[in-house]
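The primary structure of each chain is shown beneath.
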Amino acid sequence: MKRFDFFPTPLPGLTLVQRKPIEDSRGFFSRFFCAEDFGRVGLTRPIAQMNHSLTHLKGSVRGMHFQYPPFAEDKFVSCVRGSIFDVAVDLRKESPTFLHWHGEILSADNQRSLLIPAGFAHGFQTLARDCELLYLHTMPYAHDCEGALHALDPLLEIAWPLPIAEISERDRTHPMLNSQFEGLTL
Ligand SMILES: Cc1cn([C@H]2C[C@H](O)[C@@H](COP(=O)(O)OP(=O)(O)O[C@H]3O[C@@H](C)C(=O)[C@@H](O)[C@H]3O)O2)c(=O)[nH]c1=O
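Rules behind the numbers
- Residues numbered from 1 in each chain as written.
- Predicted model: local features only at pLDDT ≥ 70, side-chain atom pairs only at ≥ 80, totals over all residues.
- Heavy atoms only, no water.
- Pairing = 2+ DSSP bridges.
- Helix = DSSP H or I, 4+ residues; strand = E, 2+ residues; numbered from the N terminus.
- Axes fitted to C-alpha atoms, helices over the stretch in contact; angles between N-to-C directions.
- Contact = heavy atoms within 4.5 Å.

1. As for the sheet that holds strand β11 (residues 120-126)
Here comes step 1: The five strands lie next to each other as β9-β8-β11-β6-β13, forming an open sheet whose pairing is antiparallel. The open sheet has two free edges, formed respectively by β9 (101-107) and β13 (146-148), since each of these has just one partner strand. Ignoring which end each strand starts from, the neighbouring axes of this sheet average 25° apart.
Here comes step 2: Across three bridges, the pairing between strand β6 (residues 61-67) and β11 is antiparallel. Within the sheet, the bridge partner assigned to R62 lies in β11 and is F124.

2. Looking at the environment of V87
Here comes step 1: Along the chain, V87 falls in strand β8 (residues 83-90).
Here comes step 2: The residues contacting V87, other than those within four sequence positions of it, are M64, W101, H102, G103, A121, H122, G123, I158 and W160.

3. Considerations on unusual backbone geometry
Here comes step 1: Look at the link from G63 to M64: it is a cis peptide, with omega at 5°.
Here comes step 2: As for its placement among the helices and strands, M64 is situated in strand β6.
Here comes step 3: Of note, the bond from P69 into P70 is cis; its omega dihedral lies within 30 degrees of zero at 5°.
Here comes step 4: Take P70: it is sitting in the loop between β6 and β7 (75-81).
Here comes step 5: If you check the backbone angles, D130 has positive phi at about 55° while not being a glycine.
Here comes step 6: Looking at the secondary structure, you find D130 in the loop between β11 and β12 (131-137).

What follows is the structure, encoded as structure tokens:
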């Protein structure tokens, strides 16, 4: 029995994952991750870290974050409480979709996740109060390799669905992109 459906997005390698829970009168049972199935859509490295976040306010934005090589990471992002507009930006130097973004609504109800390959920046906006996210990462957190784009960068033009209600001090001060940014070579 298939536990997931995988859908390609306009950005090569970025994959929308539809979990397929088994429901009964008690509720549901759902496979959350499967190395074999995910390997077929490009996630071939083992999971190194798992993180959990809670965001209280509707309209909050976190992002756009990535890690530079050698800590560039694949990320599997899910919203297990509430609903978010989840966005990935292609930063791969040679990619035909360099600096394009793609967004998907991920929610506890729709049971969708985004599988984001290394070489992308990631961020999201909450569409409800008290949203909780789970992340699987193929590389550990490496403070010295952190990179970020500004969520309101005019070169990206990310269409956030709501006015930004809250954003961290760090995320508010990321520099805007300029023509010197050549992208990531992995
Ligand atoms: C991301 C991260 C942060 N931290 C620490 C640093 C800081 O003191 C505190 C909060 O960090 P931040 O403000 O960066 O948290 P946050 O803005 O939620 O960062 C997250 O944003 C989304 C968009 C992602 O894609 C995630 O991978 C992650 O980068 O937690 C870790 O210890 N491990 C981690 O993996």
